[in-house]
Every structure is written in C-alpha cells, then in structure tokens.
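# Remarks on the overall topology
Each chain, letter by letter, is given below.
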Amino acid sequence: MINLESFVLLPIAVLGAATFLSAQDPPVEQGSAGLRKELQQLRIDQDEALQDFDRRLARLTGQSAGGAAGANAFYVTGYTSTGFTNRVGEDSSFGATFAPIFLWKVGDNLFFEAELEVELEGAETEVGLEYAQLSYLVNDYLTVGVGKFLNPGNYFMERLHPSWINKLPDRPLAFGHEGLIAPSQLGMQLHGAARVAGTKFEYSGWLSNGATLVVDDPDEAGSLMFDNFADTNNSKNGGGRLGVFILPELELGYSIDVGRVDASGSSATSVDATVQSIDLNWTGDCDLLGGTYDLRGQWVMSDVDTATYDASGAMGFGPLTYTNERSGGYVQAAFRPAKIQSFKDFEGVVRFDTLDMPMGSPEPADRQRITIGLNYWCNPSAVLKVAYQFDNWDDPTGAAADQDALFIQFAMGF
C-alpha cells in the first residue's frame, strides 16, 4: 500500500537535516573542505528524494511524471458502519454495512462515479447499486449526467445518506428506499450552479424511468415502488429542483417530480403521480455558544390520481378506492461545542420525523418519531453514535404498536 505521508515527510526530513548540519560548527578533524563535501552530498540526496516524491505523487494522481496533467485518474473511497439495534417487539441485533465509492476521471471534462452498498440482511448479504453515473462537464454552470443517479429532489439521499454524514443511525421515515420520494433516478439529468445578483442558485432537471403504483398487494396498495430498473409504461418521468442560498450558510430548495405510474396492462390506467418537496439546510458557527450548528428539514407531499385497487376482488381486499395523498418529513437540529476544549468532540442531535397516510388505505397508520442522540467524533470522519427513539403509531385499526428503539453505531468515511 502506498503511503503518501512518507513521501511528504522524506524530503522534509532531508531538508531539515541539511539545515541542521549547515548550522553546526565545522568538525575539527574534517575542516571546511570536509563540511562542503558533506553538504554537497546532502543536496544530491535531497534532489533525488524530491524527484522520487514527484514521480510517486504523479502516479497517485493518475498522471505521468512528465506528461500532461489531469489526463486520467481512478480513486476508491466510501464509508462503512456497524451497529446495534434494540427495538421493542423485535429481536435485538448487530448489523454492518460497507459502501465503496468508485471515482474515475476519464478526461478533463468526463467523470464516472458509482457506489455499491453491501449490507448484512437476515441470513444473506445484500449487494445494491446506489448509483452509477457518467457526467460530462459542459462549462462552469452546467453538467450533464446519464445513468443511475441520486435524486436531486431527495436532498437527504443525495447529500446526507452516508452513515458517517448522517447525524443519526437511521434515516427519516419519508426518505429511505420505502419512503415517499424516490432515492434515485435512472435516466439523465442536467445540474449546475450560478450566482445572480450576488445570490447563489443551484438547479437540476431530470428525465427518467418512473415509479410504479402498487395495485395488487393488500398491505401496500397505493404506495409507489421506486426501485424499478425498467420502466413499466411508455411514459417518462420528469422533474427538477431549484435551491436558493438566502445566506451563504442557508439554502432553501423546492423540487417537483411528475410522471405516469400505472404499469402497462394493469387494472389501474392513466394514473399520474406528483411528488413535491421543500427542503431547508442551515449550517454555521455560533460564537455565542462556542460551537457549530446544523439545522435541516424537508417536507414531501405525494399526490397520486384516484385508482381502483384489486378491482376484481381476486386479492381479497378490493375493489378499493380512496384519495391517495400522502405526506411526511423531518426536522433535525445538531450542535457541537467545537470551541470548548473539554467537549469539542461531542455532538448532540435531536430529530422529529413523521409520515401521514391516507384514510381508507390498507395501511392507514400515521407515524411520528422523536430521536435523541449523542455523537462522539473520534476524528473528522469517524463517529460513535448513541441514540434513543420514541416511536408512536396512530393506527385507527389498532393493529400497529409503538416501537421505541435504542441504537448504537460506529461509522467511518475513508
């Protein structure tokens, strides 16, 4: 394994030795001629060390020692986590996840990135492709991407989902793989940023395979299935997000996503879904309290056209029709007293998240959770989290029960 630190320290050590020796009195037995010879040899060693450093650094950055800069480079980064979950009504269990991220710079304007997620699930090892996208940098204001990309409208999944970045051990209810908004899209996107009249704007637009409406499952009829890799109808999904930095540390974003969600040949026909979202992200320093704050929130509204589920009654729960409007979101606050020496590595976190389900659906239970956590930062990319979650179900049928939980997780980015 190549150790970049040793490459950096080697020339510094040689330079330090040369400086130290040049400051000493000449040895009596060697005289000035002997000292000059020794310093000359040190300069030769120093030049060789610096040249070797340049060659090795060039290999690390994917460049040839004498060639053009930035031609080709390949990097592997990612994150990992392991944790313990003890949820009321379920068996307590340890779990682990490993997510390598591959970054390939093909040229000055062409880039490829992909993330795999390897997770222990029950008695199996689940391997999933979180995203795999080829991007072309058109100019300073526009990038074109094709492939599977994290949904820009799902701010949490696009920017906060890695376990060492997420302040708590789990994800908010509406934003995971079974939430209200797609975690990723398969298609193409345009995205970029610009400054207008002193205000920074971020923008994204996409065209992708759409979600699929579940019509024949007695437990999930009316929900949207996002993990479909082949479109189930001939219509494509379209959407966009606009983010405005009201302050340098404060961004407010709005996104909308519209598309057909009925599968070809399904009993439900001509059903459209509109998913809208508002997100707020505010981070910065608070000199008064001697630390840094992190405030985030997002609210999602999902509106699916009226459809009839289990129209023939063959599944045993229909025919069923209801107004399919769902909503959910979260608000999260974190504070780290980074300027107070005794507590600078600790961080307190609190999050409220909720999921509101439509009346008349097979799963009408609303859900609210409050999660309180304390994090200890071992270094800037490694964190130990301890959190307790108060989980409240509001089920008119009385079938769902509260499921409070204790979490302990260690996460690290690399």
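Higher on the page you've got the structure.
Residues numbered from 1 in each chain as written. Predicted model: local features only at pLDDT ≥ 70, side-chain atom pairs only at ≥ 80, totals over all residues. Heavy atoms only, no water.

### Here we look at the overall build of the protein
Assigned secondary structure in the protein consists of 3 helices and 20 strands. Looking at the protein residue by residue over its 414 residues, the buried ones come to 39%. Counted over contacts in the protein with a minimum sequence separation of 6, partners at least 24 positions apart contribute 55%. When the accessible surface of the protein is split by element, carbon and sulfur atoms take 60% of a total near 21,800 Å². (Helix = DSSP H or I, 4+ residues; strand = E, 2+ residues; numbered from the N terminus. Buried < 20%, exposed > 50% of the residue type's maximum accessible area, 1.4 Å probe, protein only. Contact = heavy atoms within 4.5 Å. Areas by Shrake-Rupley, 256 points an atom, 1.4 Å probe, with all protein chains shown as cover.)

### Observations regarding the nonpolar core
Ranked by internal contacts, the top residues of the largest apolar core, which has 17 residues, are L213, L224, V261, V271, V304 and Y309. Ignoring anything within four residues of it in the chain, the contact list for V271 reads L213, G259, R260, V261, D262, V304, D305, T306 and A307. A174, V300, Y330 and L355 belong to the second largest nonpolar core, which has 14 residues in total. (Core = buried A, V, L, I, M, F, W, Y, C linked by side-chain atoms within 4.5 Å.)

### Details of unusual backbone geometry
In this structure, the amide linkage connecting G318 to the following residue, P319, adopts the cis form with an omega of 0°. Mapped onto the elements, P319 comes out in the loop between β14 (308-309) and β15 (320-321). Not every positive phi belongs to a glycine, and D310 is a case in point at roughly 50°.

### Concerning the packing of aromatic side chains
Here the structure, examined in full by the defined rule, presents 9 aromatic pairs. Feature note: the residues F156, F175 and Y330 constitute an aromatic cluster, connected by ring pairs. One residue, K200, lies across the ring of F245, its end atom 4.8 Å from the ring centre. (Phe/Tyr/Trp six-rings, centres within 6.5 Å; stacked < 30°, edge-to-face > 60°. Lys NZ or Arg CZ within 6 Å of the ring centre and 35° of its normal.)

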